[in-house]
Amino acid sequence: MAKGKYRRGASRRSLLQQFGAAAIGVSFAGGLAACGQGAGGRRVNFYNWDTYIGPTTLADFEAATGVPVQMSLFATNDELFARLRAGNPGFDVIVPSNEFVTRMSQAQMIQELDHAQIPNMSNLLPEFQDAAFDPGRRYSMPYTWLVLGIAYRKAAMRNGEVPNSWRYLFDSPQYSQRIALLSESADLIRLCAKYKGISLNNIPDATLTEIEQMLIRQKPHIKAFHEDDGQDLLASGEVDVVLEYNGDIAQLMSSEGGDAFDFVVPQEGTLINSDCLCIPTGAPHVAEAHAFINYLLDAEAGQKITEEIQYPTPNAAVAARMGPEYQNNPVIFPPAELMAKSEYGAFEGDERARLYEEIFTRINAA
Amino acid sequence: MEQTWRQAKAAFAAIAIPPLAWLLLFFIVPMTVIWAYSFGENTGPTTIDFTGTFANYMRAVEPLYLEIFGKSLVVAGLTTVLCLIVGFPVALAIAFASPRMKSWLLLLIMLPFWTNLLIRTYALIAVLREQGYVNFTLEWLWNNASGLMTFVGLQPLGEYEPLTLLYNNSAVIIGLVYVHLPFMVLPLYSALDRMDRSLMEASLDLGAGHMRTILLVVVPLAAPGIASGVLITFIPALGAYLTPDLLGGTDSQMIANVIERQFKRANDWPFGAALSFLLMYLTFAAIAMQALVQRRSERRR
């Protein structure tokens, strides 16, 4: 999931993502060239998504505590995982999404948090104090949450209709060749399960076959599988309906000419993600990492971050300080009845991830 | 007089050992590790056991993946042929240009290398997309033609429909040809530049036309250059993943895209390694074929 302010330039996320892909060979070596840090000295090495922090947050933290923060960037959870796979190259705080919190905790790549050092945990909304993907919040603190939905160009919709069903993306020729889907195998397959009215976790094998056939049938109508730059495809007029994250579209809509677009969470419900703050195993500055996580959950610091990145916050103290144009934005906060139908995707093991990947390869090859 | 390496062993060793050590450390060793992975089994999210299994290769030669290999071969082959067709006249023109022009033309060919491949691909997107420069130009021409027709009393042409140039296999081929053209032009140029011009003059003097001279004299003489140009265009085109990723549509996946996903999303390094090595064996076969062409043309001389 790419994060980033749309108005800062259209393709930074995807650029970074592709640079990351081009540099995978470098990741094998696992050196922390970008961070240029020694083990000594008080500091925090923060590995974050691009433009996913407040403009002054790092400087404010240093002013408050005297601890400098060195931030480097990743573009996908897979990149984060690959970077830490062979051992932690020196990061203190990382921001994996919910599924990867489970995966990395199972692989003992992240360590347990000391809640006593994170008193600001009490700022979190009650529903975020605990999480199914990390029972008791032993390994992770929530930073943001986000949902997938359908972004669309209002002028291209027939009779002003709202594409409020996954049918428009997965099972209908209505917007033939004007559709772009996210090229994330697991997300795609899970949303198809949602369309079929079942849970997006533990999808039965028979349904997987149906989903594969449905997407192969739909393929002639799909223009592209995008690398999370769906908002750019929409803005540049290549497609009219696109599968994207609400945060990306909220940014597009708040930019110039953004009122031509809208975002809807389909009636069947959707997939919820949550990006979390974790401390990787072998982090050289564990105490400072806790202090930094605690600082990010602070009401004032959190407000500055949220004002900048426009993502939904799991932090009650932050939400209370934000203006109504944020609190009442239906793109950032989809209606409660749709959220009730939506689910987090659980980590179901590597075998499952490989199966989804092979299905996606077959769909591409068909 | 030429010296063989036997006559100056110390000097030879001083020159040869650093690059050999470099090659061993940064090429042979990592390749061996990946090769070993291809016989391994995943035992956890981050652990691989080297069990000597052939299961990864068995899976890699399933029809699904063989078809993707086949498709990649076709795409890379088509790219190479188009590069040859476009590149040969260009190389010929450069070889026959005046020395001053020659350096400028060579600079123009090499200029794109100074820009990152990714930036060039995004530039191509800006040119080809529906609201891109190709469509802007066509729309301008269309509207002018339409205006002209109204002017002479005919029906106007109607609204301009932008062409869909991106997100299909043609876009991938265009992108690959664009990126790999210099790889083809440079070896062709060096072969044509070294060619003995008197042979061409003889051919023309003896009554062969220009086309005949090119086909029957120039092309055979440039065969080794053509073979190496074909090779260094074909191999990177076969392993392309960025171009199909960014310019391709829903059926443009190439084998390198599948390999990339094994190392990232699927977290299946052994299978990714097996696919990579299958690709490598294909590359070796291509190099062996090039060597064969080279030897045959040397024998002919």
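Student: Explanation requested: the domain arrangement of chain A in the structure shown.
Tutor: The figure often quoted for interface size is the accessible area lost as the parts come together. Residue and element names in this part refer to chain A. In terms of domain boundaries, chain A breaks down into domain 1 (15-145 + 273-327) and domain 2 (147-272 + 332-365). Each of domain 1 and domain 2 has a C-alpha centre, and these two points are 27 Å apart. Facing 19 residues of domain 1, the contacting portion of domain 2 comprises 21 residues. With both sides pooled, the region where domain 1 packs onto domain 2 buries about 1,800 Å², and carbon together with sulfur makes up 54% of that total. Three residues, Glu99, Trp145 and Asn273, lead the burial of domain 1 against domain 2; their summed loss comes to 35% of the area buried on that side. For the pair domain 1 and domain 2, the number of links is two salt bridges. For the salt bridge of Arg103 with Asp350, the shortest nitrogen-to-oxygen distance reads 2.5 Å. Seen at the junction of domain 1 and domain 2, the total is five residue pairs in polar contact (both at pLDDT 80 or more). Sorting the residues of the side of domain 1 that touches domain 2 by element identifies helix 1 (12-22), helix 5 (98-106), strand 9 (271-277) and helix 14 (324-327) as the ones contributing at least two each. Residues of the side of domain 1 that touches domain 2, tallied by class, amount to seven nonpolar, ten polar and two charged.

Student: Looking at this structure, I do not really get the pattern of salt bridges. What am I missing?
Tutor: A pair can form between side chains of opposite charge whenever their charged atoms are brought close. Residues and elements named next belong to chain A. Here the structure, examined in full by the defined rule, presents 29 salt bridges over all chains. With a closest N to O distance of 3.0 Å, Asp60 and Lys304 form a salt bridge. Of this pair, Asp60 sits in helix 3 (residues 57-65) while Lys304 sits in helix 12 (residues 299-309), and the two are 244 residues apart along the sequence. On the accessibility criterion, Asp60 (23% relative accessible area) is partly exposed. When the shortest N-O distance is used, the salt bridge between Asp240 and Arg153 registers 2.9 Å. Here Asp240, found in the loop between helix 9 (230-235) and strand 7 (241-245), pairs with Arg153, found in strand 4 (residues 141-153); they are 87 residues apart in sequence, far enough to count as distant.

Student: Would you mind showing me how to read the packing of aromatic side chains here?
Tutor: Ring pairs (aromatic) are described by centroid distance and by the angle formed between their planes. Counted under the stated rule, the structure contains 27 aromatic pairs over all chains. On the numbers, 4.6 Å between centres and 55° between planes, the contact of Trp22 of chain B with Phe26 of chain B is tilted. Pair noted here: Trp22 of chain B and Phe26 of chain B are both in helix 1 (residues 9-37), with a separation of four residues, about one helical turn. The rings of Phe46, Phe61, Phe292 and Tyr295 of chain A are connected pair by pair, giving a single aromatic cluster. Over the ring of Trp269 of chain B we find Arg85 of chain A, and its NZ or CZ is 3.9 Å from the ring centre. The ring of Phe271 of chain B carries Arg59 of chain B above its face, with NZ or CZ at 3.8 Å from the centroid.

Conventions adopted
Residues numbered from 1 in each chain as written. Chains lettered and ligands numbered in written order. Predicted model: local features only at pLDDT ≥ 70, side-chain atom pairs only at ≥ 80, totals over all residues. Heavy atoms only, no water. Domains from an automatic or database assignment. Contact = heavy atoms within 4.5 Å. Buried area = accessible area lost by both parts, 1.4 Å probe. Salt bridge = Lys/Arg side-chain N within 4 Å of Asp/Glu carboxyl O. Polar contact = N/O pair within 3.5 Å; in protein donor to acceptor, adjacent residues only side chain to side chain. Helix = DSSP H or I, 4+ residues; strand = E, 2+ residues; numbered from the N terminus. Nonpolar A, V, L, I, M, F, W, Y, C, P; charged D, E, K, R; others polar. Buried < 20%, exposed > 50% of the residue type's maximum accessible area, 1.4 Å probe, protein only. Phe/Tyr/Trp six-rings, centres within 6.5 Å; stacked < 30°, edge-to-face > 60°. Lys NZ or Arg CZ within 6 Å of the ring centre and 35° of its normal.

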